[in-house]
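# Structure assessment
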Amino acid sequence: MKKTIKNARIYTCDDKEPWAEAIAFEHDRITFVGAGIDAPVGDIEFDAGGRTIMPGFIDSHNHPGMVSQSSWHITLPWVDNVEDLLGFVKDYAAKHPKEEIPFLYFEYYPTTLFDEKGPTKELLDAAVSDRPCLCQDFGEHLHWVNSKMLECMGVDRNTPDPVPGLEMFVRDGSGEPTGWIKEFAWVHFADKLFENIKWEAPMKMTPELMEEFFVFTKENGITALADGILEGEEQLIAMSELDRQGKLNLYYDGIVRFWSYDDLPEKIAELRRYQEKYTSRHIKLNMMKLFLDGTNEAGNSALLEPLAGDSAGMNFGEIKMDTEELTKCFVLCNREGVDLQIHMVGDRAFRVGCDAVEAAQQIAFEEGTPWTIQPIFAHCELVDPADFKRPAELGITINWTCHWAGGYFGTQAISILGAERWHRMYRVMEFIESGALVAFSSDVTTLYELRRRANPLFGIQISHTRIDPEFPLDSTICPGGVRTPEGQQIPLDYLFKGYTLNGARQMHWDKLMGSLEVGKLAIMNILSENPFETDPMKVKDIRIDAVVFEGELIHGTI
Ligand SMILES: [Zn+2]
């Protein structure tokens with residue numbers, strides 16, 4: 001059955017023919033894109049009423065597993081002082097006794113409430129001491145816990161840190177954990193915690209638990225996504241089941257995390273197992289994930305110059321691997337034909353990443369092994385100007401989270417990096433102008449964040465304007481509330497390409513999707529307004545009127 005949509009303004013994301021008026025498709029494939037008068041007569045014809053049609057969005061770094069597992073978290077009100085925060089926590093605990101909620105997990109506390117020593121367990125004990133309690137910071141990489149939580153996890157001065165310096169328990173002079181935790185060090189002890197309190201958080205990955213995530217992606221026109229961390233095999237089982245029920249409605253590119261060169265072979269073997277069991281039309285797995293450093297806000301990103309305020313000039317942040325080890329990882333991944341996605345925030349991490357790709361390509365060349373893999377550098381918040389052109393030269397894909405480009409992380413990193421470095425972060429245009437492939441994402445990790453920040457149009461607006469409508473920056477620091485430096489507003493046409501075609505390229509799916517061209521899958525969104533003619537501050541309010549996925553209308557009406 002042939003379907004034709006006429007009277008549309010179609011932004012195809014295909015450079016050869018960026019605009020069209022009509023599109024036709026048969027079964028799941030596009031058979032025509034072009035002028036309205038030339039369009040073939042379809043068995044079913046739709047009139048788009050002059051509305052805009054674009055390819056389905058591709059979110060190239062998201063966390064379906066973590067988001068689904070966060071549904072039981074308790075949302076904290078936004079406060080600017082510790083007393084109000086503790087008042088809320090204490091009150092909440094009083095209203096919901098331990099028998100009802102045996103473990104209290106709050107999100108988020110403003111990271112700026114505390115200095116570099118972080119909050120303490122004693123402070124939180126004053127609000128809740130009868131059961132484990134955790135508060136996650138706004139940047140999502142820091143956790144503040146009470147004494148009961150440390151006790152139930154069995155964590156004390158003798159417990160080694162999972163990844164010293166990066167994934168760790170902050171300690172006082174005697175080695176005693178203070179109650180402040182960097183990254184997800186506590187998760188390594190979660191089983192013990194649940195065993196001790198004889199309760200398990202509703203985190204078991206079931207189709208029911210994950211369903212809300214995929215309702216969101218469907219309604220927001222997200223038709224493909226790359227994972228940032230796979231939360232175990234259960235996630236794949238649940239997603240495969242949702243796919244069977246017709247509730248996945250997207251293409252999924254999975255990922256397996258590893259920690260070092262030593263555990264990489266074993267983790268690639270795990271990936272192979274998943275590939276064999278779960279690869280389907282909509283699900284593939286072909287990426288490994290490494291966290292190379294931490295975050296600027298937590299003071300553990302890897303920097304070329306010492307942290308501001310470090311008078312001894314010895315603290316350059318933290319890095320998980322040196323160039324040599326990372327080079328070996330790239331060589332192995334290339335031999336195995338699996339992509340490598342790296343979390344990197346600081347300028348030293350970025351340089352080590354580029355140096356490792358360069359060295360690995362040289363080794364591959366000398367060995368006569370073709371270089372076929374896609375290195376993906378996620379975040380790249382602070383980059384030395386000498387390195388801006390290297391991703392284009394080395395074929396590295398940059399993954400940028402669009403909704404961070406305004407004031408989402410506030411100004412807290414100024415105290416860590418100093419003003420000079422802070423004002424030259426987030427320079428995505430440098431990569432775009434040098435010709436690197438830049439793909440866009442939402443990188444949300446909780447349900448709360450998904451609902452508020454993962455709509456691609458919301459992120460597109462922020463990277464286009466450098467103004468966050470929810471978290472405006474102080475205009476004494478950034479004139480007009482526009483995130484510095486100047487000239488980093490990304491043009492809309494690139495933002496749409498980065499959220500469609502470039503995402504498809506990152507995932508090696510560009511022959512199938514990412515643009516509206518004859519022969520590709522009929523996957524498209526019908527928008528309520530044309531974003532190119534909309535007030536830049538209102539792009540986020542454009543609605544997705546309809547979503548066509550593989551030739552079928554899966555949401556809304558045309
Ligand atoms: Zn992520």
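Reading guide: rules and limits
- Residues numbered from 1 in each chain as written.
- Predicted model: local features only at pLDDT ≥ 70, side-chain atom pairs only at ≥ 80, totals over all residues.
- Domains from an automatic or database assignment.
- Contact = placed C-beta atoms within 7 Å.
- Helix = DSSP H or I, 4+ residues; strand = E, 2+ residues; numbered from the N terminus.
- Nonpolar A, V, L, I, M, F, W, Y, C, P; charged D, E, K, R; others polar.
- Expected span 1.5 Å × (residues − 1).
- Buried ≥ 20, exposed ≤ 12 C-beta atoms within 10 Å, placed from the backbone.
- Pairing = 2+ DSSP bridges.
- Core = buried A, V, L, I, M, F, W, Y, C linked by C-beta atoms within 7 Å.
- Axes fitted to C-alpha atoms, helices over the stretch in contact; angles between N-to-C directions.
- Parallel < 35°, antiparallel > 145°, perpendicular 65-115°, else oblique.
- Left-handed = near helix turned anticlockwise from the far one by under 90°.

It is worth spelling out the domain arrangement of the chain at this point. As far as domains go, the chain holds domain 1 (1-56 + 515-558), domain 2 (72-197) and domain 3 (207-513). Domain 1 and domain 3 are separated by 29 Å when their C-alpha centres are compared. With 22 residues of domain 1 at the contact, the number on the domain 3 side is 21 residues. The element that contributes the greatest number of residues to the side of domain 1 that touches domain 3 is strand 23 (residues 544-549), accounting for 3 residues. Its residues placed into classes, the side of domain 1 that touches domain 3 shows 16 nonpolar, 4 polar and 2 charged.

A few words now on helix 9 (residues 323-336). Relative to the 20 Å expected for 14 residues at 1.5 Å per residue, helix 9 spans 20 Å between its end C-alpha atoms, a close match to the ideal helical length. Here helix 9 has its buried residues at L326, T327, C329, F330, V331, C333 and N334. Here the buried face of helix 9 lies against helix 8 (264-278), strand 17 (283-291), strand 18 (339-344), helix 10 (347-367) and strand 19 (375-379). Once helix 9 ends, the next one or two residues include G337, with phi positive near 70 degrees.

Turning our attention to the environment of I490. In this structure, I490 sits in the loop between helix 16 (456-465) and helix 17 (492-498). Setting aside residues no more than four positions away along its own chain, I490 makes contact with V428, M429, I432, S463, H464 and L495.

For the rest of this paragraph, the subject is the pairing of strand 8 (residues 57-62). Two faces belong to every sheet, and in a regular strand the side chains alternate between them. Of all the 6 residues making up strand 8, 6 are buried; the element is thus mostly covered by neighbouring parts of the structure. Bridge count for strand 8 against strand 15 (residues 222-227) is 4 bridges, and the pairing is parallel. Note that in strand 15 the partner of I58 across the bridge is A224.

A few words now on the nonpolar core. One finds I23, I53, M288, L292, F330, F377 and V438 to be the most contacted residues of the largest nonpolar core, which totals 131 residues. When residues of this core are assigned to domains, at least three fall in each of domain 1 (1-56 + 515-558) and domain 3 (207-513). In this view, F330 contacts L340, A356, V357, A360 and P375; residues no more than four positions away in its chain are not counted. With 31 residues, the next largest nonpolar core counts V89, C133, C135 and W186 among its residues.

So, on to the environment of K90. With respect to the helices and strands, K90 occurs in helix 2 (residues 82-95). The exposure class assigned to K90 is partly exposed, which follows from the 14 C-beta atoms found within 10 Å. On a C-alpha basis, the gap between K90 and W400 in space is 38 Å, while along the polypeptide they are 310 residues apart. Not counting residues up to four positions away in its chain, the partners in contact with K90 are A127 and V128.

At a minimum axis distance of 9 Å, the contact between helix 6 (residues 207-219) and helix 7 (residues 233-244) shows a crossing angle of 65 degrees. One way to sum up the angle between helix 6 and helix 7 is to call them roughly perpendicular. Crossing of helix 6 against helix 7: the hand is right-handed. Across from P207, M210, E211 and F214 in helix 6, the residues of helix 7 making contact are A238, M239, E241 and L242. Broken down by class, the residue content of the contact of helix 6 with helix 7 amounts to 6 nonpolar, no polar and 2 charged.

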